[in-house]
Amino acid sequence: HRDLHSFPTRRSSDLDFETIESGFDEEVINRLDFTSHVAYVNQIAYRKASRVAESLRAKGMMPHLVIGADTIVTKAESIYGKPVAEGDARRILTE
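Residues numbered from 1 in each chain as written. Predicted model: local features only at pLDDT ≥ 70, side-chain atom pairs only at ≥ 80, totals over all residues. Heavy atoms only, no water.

## Structural notes on the environment of Val-38
- Note that Val-38 resides in helix 1 (residues 37-58).
- On the basis of relative accessible area, Val-38 is assigned to the exposed category, the value being 54%.
- Counting along the chain gives 34 residues from Val-38 to Ile-72, while the straight-line C-alpha distance between them is 9.3 Å. (Helix = DSSP H or I, 4+ residues; strand = E, 2+ residues; numbered from the N terminus. Buried < 20%, exposed > 50% of the residue type's maximum accessible area, 1.4 Å probe, protein only.)

## Notes on the environment of Thr-71
- For Thr-71, the location among the structural elements is in the loop between helix 1 and strand 3 (73-75).
- Taking the relative accessible area as the measure of exposure, Thr-71 reaches 69% and is therefore exposed.
- Counting along the chain gives 30 residues from Thr-71 to Val-41, while the straight-line C-alpha distance between them is 7.0 Å.

## Regarding the packing of aromatic side chains
- In this structure the tally under the stated criterion is one aromatic pair.
- With 5.8 Å between their ring centres and 65 degrees between their planes, Phe-34 and Tyr-40 make a pair best called edge-to-face.
- The exposure class assigned to Phe-34 is partly exposed, which follows from its relative accessible area of 26%.
- The exposure class of Tyr-40 is buried, given its relative accessible area of 6%. (Phe/Tyr/Trp six-rings, centres within 6.5 Å; stacked < 30°, edge-to-face > 60°.)

## A closer look at helix 1
- Over its 22 residues, helix 1 runs 32 Å from end to end, which matches the ideal 32 Å to within 8%, given 1.5 Å per residue.
- Among the residues of helix 1, those classed as buried are His-37, Tyr-40, Val-41, Ile-44, Ala-45, Lys-48, Ala-49, Val-52, Ala-53 and Leu-56.
- Buried residues in helix 1 make contact with strand 3 and strand 4 (78-80). (Expected span 1.5 Å × (residues − 1). Contact = heavy atoms within 4.5 Å.)

## Quick notes on the pattern of salt bridges
- Tallied over the full model, the rule gives five salt bridges.
- Residues Glu-86 and Arg-90 are paired through a salt bridge, measuring 2.5 Å at the closest nitrogen-oxygen approach. Taken together, the residues span about one helical turn, with Glu-86 and Arg-90 both in helix 2 (residues 86-94) at a distance of four residues. Exposure class is identical for Glu-86 and Arg-90. Each is exposed.
- Across the pair Arg-91 and Asp-88 runs a salt bridge, and its minimum N-O distance is 2.7 Å. Linking Arg-91 with Asp-88, this pair stays in helix 2, spanning three residues, or about one helical turn.
- For Arg-91, a relative accessible area of 39% corresponds to the partly exposed category.
- Members of the salt-bridge network, linked through shared partners, are Glu-26, Lys-48 and Asp-70. (Salt bridge = Lys/Arg side-chain N within 4 Å of Asp/Glu carboxyl O.)

Following this line, the structure appears as structure tokens:
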């Protein structure tokens, strides 16, 4: 598992950007409240971006653009959460 926020500021072509951890707790969103996997992951990404934008504004910084992203693992109609232990990860991978 690699978190984007663990990477330092990077330069890509002519764009300078920084990755910032949102601190958003994904567990506050119930997967069952959404009609699709896409709607669920879009809401998480939106909340992460909103949290970062609010944090920057509170520090007197006015960001021009904040992009939020998230990844989920799905199979058929199931959305898998983060494994809680190695055995859980193995179970998910072998289902």
